[in-house]
Amino acid sequence: MEIRAEEISQVIRDQIKDYEKKVEVSETGTVLSVGDGIARVYGVEKAMAMEMLEFPGNIFGLCLNLEEDNVGVAIMGDDSKIKEGDTVKRTGRIAEIPVGDPVLGRVIDAVGQPLDGKGPIDATEFQRVEMVAPGVIERQPVKEPMYTGLKSIDAMTPVGRGQRELIIGDRQIGKTAICVDAIINQKDTDIYCIYVAVGQKKSTVAQVVDILERHGAMEYTTIVAACASDPATQQFIAPYSGCAIGEYYRDRKKHALIIYDDLSKQATAYRQVSLLLRRPPGREAFPGDIFYNHSRLLERAAKLNDDKGGGTLTALPIIETQAGDVSAYIPTNVISITDGQVYLEPALFFSGVRPAINVGLSVSRVGGAAQTKAMKQVAGTLRLDMAQFRELEAFAQFGSDLDKATLQQLNRGTRLVEVLKQPQYQPMPAEKEVSILFAAANGYLDEWPEEAVADYEKQMLEFLESKYSDILGEIKEKGILSDELQEKMKKALDEFKGMFQPAA
């Protein structure tokens, strides 16, 4: 067979000619209209959902609406620099974010750009922002504790590795404080932390960074910030970006904790983007897929099975309620997705009970599975005692002559409330939590006035550390209060009783 050079060159010439045309038509497009952070683009017919498109001036946009004759793009930057008729290029990349060690200790935005002035992030690994959550077979039940360092949560609404526990309450009553404490408490553990700030003031985010730096927590933490002044698209995408960073650890047999602060603002940002894209509004003008928006995010938190390495991603989403209305649209949605909630109550907060956790309305659907044996032993009676105390407290306001048993229960209840109070940014190791709760449950605090409880706790823990450190060591190591250890603890507490000096 004879090869003819002119024939081959003709074929190559034709192909090159057509190739130019094809590239022109499918890989670039034109801006039809732009405004309110949304651009309509014509001509990028091969664009994929969630693909990044490049606008002039190195501004990127996210393909959200793929329509018959145009693409609705949410702009991830300043839309005032884009005008009608501008050329738009396809990047061929689905939205992704840098992950791994280069982002540890950094403050980044929703697309992975640094915000902390520490120079560029030289990442080698990237992860897609949107990933499908692991299926049922790839998971296993939550069974290891993830201590927050807060007595009231670890004892009564425990959080396990791979769980999703909602923190819900009105504004300014300590939701972020609980989550920051939980991050600080992971200092000597193997858990990496991600804090996602959505729609917050830049000063608030700077405050959180400062607190974490002061407590040495930034070295294992990444902060993803989409502040109030950032485009709605960034606020909507930030939780998914943070989740991708957490999944990197989960899929590599490691453990991560992610805080979404908060999902109410993210839902509002998503509503804004959806309405501007002319998607049909539903209840409270939220789009029809608002539930899916949160469920596909929170389902990515999981404990993987042993074949997959047993890595975990624990999520603490925050929801802000308006005047305590837990039955509003977004709160009920997120409550139904999560494995329990910690409900913070303004009345408790203003009466000095901090963290202001309402024991009756807070619940962990994982429960005892996320606690060590020792914690279960001291917390089992605690919840019951607290519930009975709340009931009696309401009743005692009406009756004056109360019998001895009722008075004793009220007395015990007020001491328990005092024990569960905790100063901000002072999380406590699990073995110390168990010790003080053991003392409270066994009546060692009953004889002291309630204002002496904080002193008792401080002095008692110092006493145990200096003289009976083996008790704390055994609780930490074995995670169970054996009969022998209980006797030892009672002996130590009896000895301390004679030494305790309440502050005047």
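Anyway, here's the lowdown on the structure attached to this text.

Reading the values: the criteria
- Residues numbered from 1 in each chain as written.
- Predicted model: local features only at pLDDT ≥ 70, side-chain atom pairs only at ≥ 80, totals over all residues.
- Heavy atoms only, no water.
- Pairing = 2+ DSSP bridges.
- Helix = DSSP H or I, 4+ residues; strand = E, 2+ residues; numbered from the N terminus.
- Contact = heavy atoms within 4.5 Å.
- Axes fitted to C-alpha atoms, helices over the stretch in contact; angles between N-to-C directions.
- Patch = residues over 30% accessible without salt bridge, like charges linked within 9 Å, V, L, I, M, F, W, Y side chains within 5 Å.
- Areas by Shrake-Rupley, 256 points an atom, 1.4 Å probe, with all protein chains shown as cover.
- Salt bridge = Lys/Arg side-chain N within 4 Å of Asp/Glu carboxyl O.
- Core = buried A, V, L, I, M, F, W, Y, C linked by side-chain atoms within 4.5 Å.
- Buried < 20%, exposed > 50% of the residue type's maximum accessible area, 1.4 Å probe, protein only.
- Polar contact = N/O pair within 3.5 Å; in protein donor to acceptor, adjacent residues only side chain to side chain.
- Expected span 1.5 Å × (residues − 1).
- Bend = angle between axes of the 7 residues up to and from the residue.
- Phe/Tyr/Trp six-rings, centres within 6.5 Å; stacked < 30°, edge-to-face > 60°.
- Lys NZ or Arg CZ within 6 Å of the ring centre and 35° of its normal.

## A few points about the sheet that holds strand E13 (residues 255-261)
On the basis of which strands lie adjacent, the open sheet formed by 8 strands has the order E8-E12-E11-E13-E14-E10-E15-E16 and mixed pairing. At either margin of the open sheet sits one strand with a lone partner, and together these are strand E8 (107-108) and strand E16 (363-364). The strands that helix H4 (residues 202-214) touches are E8, strand E11 (191-198) and strand E12 (221-226); relative to E12, the one it contacts most, it runs at about 175°. Contacts from helix H6 (residues 263-276) reach E11, E13 and strand E14 (312-320) within the one sheet, and its direction differs from that of E14 by about 75°.

## Focus on the sheet that holds strand E6 (residues 87-94)
Sheets are built from strands paired through backbone hydrogen bonds, the pairs being either parallel or antiparallel. Spatially, 6 strands are ordered E1-E2-E5-E4-E3-E6 in a closed barrel, and the strand pairing comes out antiparallel. Looking at each pair of strands side by side, their axes are set apart by 45° on average, direction ignored. Of the pairings in the sheet, the one linking strand E3 (residues 51-55) to E6 comprises 3 bridges and is antiparallel in character. The residue bridging Leu53 from the neighbouring strand is Arg90, located in E6.

## A word on a nonpolar patch on the surface
Together, Ile8, Ile12 and Ile16 give the surface a local cluster of nonpolar side chains, amounting to about 270 Å² of exposed area. By the element assignment, Ile16 lies in helix H1 (residues 5-27).

## Describing the nonpolar core
With 86 residues, the main nonpolar core has Leu212, Ile223, Tyr456, Met460 and Leu481 as its most contacted residues. Here this core takes 9 residues from helix H10 (residues 373-396), the largest share from any one element. Within the second largest apolar cluster, 58 residues are counted, among which are Met50, Ala95, Ala232 and Tyr248.

## Focus on the side chain of Glu457
Mapped onto the fold, Glu457 is located in helix H13 (residues 453-467). A relative accessible area of 10% means that Glu457 is categorised as buried. Only 2.9 Å separates the side chain of Glu457 from the side chain of Lys151, close enough to count as a polar contact. In this structure Glu457 touches Lys151, Val419, Met428 and Ile436, once residues within four positions along its chain are discounted.

## Regarding helix H5 (residues 232-250)
Taking 1.5 Å per residue, 19 residues should reach 27 Å; H5 reaches 28 Å between its end C-alpha atoms and fits that length. The largest bend in H5 comes to about 35°, at Ala238, with the proline Pro239 one to four residues further on. Of all 19 residues that make up H5, 19 are buried, and the element is covered over most of its length.

## A few points about the pairing of E3
Successive side chains on a regular strand alternate, one facing one side of the sheet and the next facing the other. Of all 5 residues making up E3, 4 are buried, and the element is well covered by its neighbours. Bridge count for E3 against strand E4 (residues 59-66) is 4 bridges, and the pairing is antiparallel. Across the sheet, residue Phe55 finds its bridge partner in E4, namely Ile59. Counting the residues between successive antiparallel strands, the hairpin from E3 to E4 contains 3 residues, one of them, Gly57, with a positive phi of roughly 80°.

## Brief notes about the packing of aromatic side chains
Counting across every chain of the model gives 12 aromatic pairs. Centroid distance Tyr192 to Tyr249: 4.2 Å. Interplanar angle 5°. Geometry classified as stacked. Note that Tyr192 is positioned in strand E11 and Tyr249 in helix H5, a separation of 57 residues in sequence. Each ring, one from Tyr248 and one from Tyr249, has its centre 5.5 Å from the other, and the planes form 80°; the classification is edge-to-face. A network of ring pairs unites the aromatic residues Trp448, Tyr456, Phe463, Tyr468, Phe496 and Phe500 as a single cluster. For the cation-ring pair, Arg271 lies above Phe286, with the distance from its terminal atom to the ring centre recorded as 4.3 Å. Against the face of Phe349 rests Arg354, its NZ or CZ located 4.0 Å from the ring centre.

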